[in-house]
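# Observations on the model geometry
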Amino acid sequence: MTRNIVAIIRGVTPDEALSITGALIDAGITKIEVPLNSPDPLKSIQAMAKEFGDTALIGAGTVLSTGDVEDVANAGGKLIVSPDCNPEVIGAAKYKGLLSYPGVMTPTECFAALRAGADGLKFFPGSLIGPAGLKAMNAVLPKGTDLLAVGGASADNFGEWAAAGATGFGIGTALYKPGDNAAVVAEKATHIVTAYDQVFS
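This report concerns the structure included in the present document. Model, not experiment: these values are computed from the prediction.

Turning our eyes to something else, we now look at the sheet that holds strand β4 (residues 79–81). If you trace the 9 strands from one edge of the open sheet to the other, you get β5-β4-β3-β2-β1-β9-β8-β7-β6, paired in parallel fashion. If you trace the sheet from one side to the other, it starts and ends with β5 (99–101) and β6 (103–104), each paired once. Docked against the sheet, helix α6 (residues 126–138) engages β6, β7 (120–123) and β8 (146–150), running at close to 140 degrees with respect to β7.

To continue, consider the nonpolar core. By size, the foremost hydrophobic cluster in this structure holds 58 residues, and its most contacted members are I9, L24, F123 and F169. Core analysis: the next-biggest nonpolar cluster, separate from the first, contains 8 residues, I8, L57, L148 and V150 among them.

Here we take up the pairing of β7. Along any regular strand the residues' side chains alternate between the sheet's two faces. Of the two faces of β7, both are covered, the one formed by G120 and K122 as well as the one formed by L121 and F123. The handedness of the β6 to β7 crossover, carried by helix α5 (residues 107–115), is right-handed. In the sheet, β7 pairs with β8 via 4 bridges, with the strands oriented parallel. Within β8, the residue paired with G120 across the bridge is D146. Assessed by its sense of winding, the connection that carries the chain from β7 through α6 to β8 is right-handed.

Now for the environment of N4. Inspection of the secondary structure assignment puts N4 in the segment before β1 (5–8). When its relative accessible area of 10% is taken as the criterion, N4 is described as buried. Considered as a pair, N4 and F169 are 165 residues apart in the sequence and their alpha carbons are 6.5 Å apart. One polar contact links N4 to K31, side chain to side chain, over a distance of 2.9 Å.

For the rest of this paragraph, the subject is the pattern of salt bridges. Side chains bearing opposite charge may pair, as long as their charged atoms lie close to each other. With the rule as written, the count across this model stands at 4 salt bridges. Put simply, D197 and R3 hold a salt bridge, and the shortest N to O gap is 2.8 Å. One end of the pair, D197, is in helix α8 (residues 182–200); the other, R3, is in the segment before β1, and 194 residues separate them in sequence. When its relative accessible area of 12% is taken as the criterion, R3 is described as buried.

Another aspect to go through is the packing of aromatic side chains. Applying the stated rule across the entire model yields 5 aromatic pairs. Ring centres 6.5 Å apart and planes at 80 degrees place the aromatic pair F158 and Y196 in the edge-to-face group. Of this pair, F158 sits in helix α7 (residues 158–164) while Y196 sits in helix α8, and the two are 38 residues apart along the sequence. Of the two residues examined, F158 and Y196, each falls in the buried class. Here the aromatic rings of Y196 and F200 are separated by 4.5 Å at their centres, their planes lie at 25 degrees, and the arrangement is stacked. With Y196 and F200 both in helix α8 and 4 residues apart, the pair spans about one turn of that helix. The class for Y196 is buried, based on a relative accessible area of 4%. In this structure an aromatic cluster arises from ring pairing among F158, F169, Y196 and F200. Its end group placed over the ring of F124, K122 keeps NZ or CZ at 4.7 Å from the ring centre.

Parameters at a glance
- Residues numbered from 1 in each chain as written.
- Predicted model: local features only at pLDDT ≥ 70, side-chain atom pairs only at ≥ 80, totals over all residues.
- Heavy atoms only, no water.
- Pairing = 2+ DSSP bridges.
- Helix = DSSP H or I, 4+ residues; strand = E, 2+ residues; numbered from the N terminus.
- Contact = heavy atoms within 4.5 Å.
- Axes fitted to C-alpha atoms, helices over the stretch in contact; angles between N-to-C directions.
- Core = buried A, V, L, I, M, F, W, Y, C linked by side-chain atoms within 4.5 Å.
- Buried < 20%, exposed > 50% of the residue type's maximum accessible area, 1.4 Å probe, protein only.
- Right-handed = clockwise from strand over helix to strand, strands pointing away.
- Polar contact = N/O pair within 3.5 Å; in protein donor to acceptor, adjacent residues only side chain to side chain.
- Salt bridge = Lys/Arg side-chain N within 4 Å of Asp/Glu carboxyl O.
- Phe/Tyr/Trp six-rings, centres within 6.5 Å; stacked < 30°, edge-to-face > 60°.
- Lys NZ or Arg CZ within 6 Å of the ring centre and 35° of its normal.

Shown next as structure tokens:
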């Protein structure tokens, strides 16, 4: 099964990007973003896309400008994730044929993102919105919209988020913290995948 989990490997370095990515894929997580405020992120994305682009969706997070989109596309990334809702960034991603997941917190931002062509919505920070907030917004969103809870979703509450309408999650430190090696990431990823499968399979 293709799990709707985006691994956020903030702080990963090019030297460790391939081993960390391999551990995530082996555990069953095949959507991976390198935030652009990581060390030399485009180098990591380029290596990851070259090595794993056929088996995983590789891209960037913390994408804030159309120039960033261009850089990620040139590096081989296919996924653009942002903390904010910027129609120009969404449009640039779609122009390049990339998937766009902007960050939203309000119905206004949700609909602005969808009108601009977003492929899905990143509810961020999820800890502030909560399942109740997502449930209320989901009542007015188009059916079938991909809704990712990010920043507040964990193995302990996947069920609550899913009941509120979340279709997937972005997971950061629960999967990777700077300094974690591939073995640590593999253990963390197995825990996350097991919890996800209990809710969605």
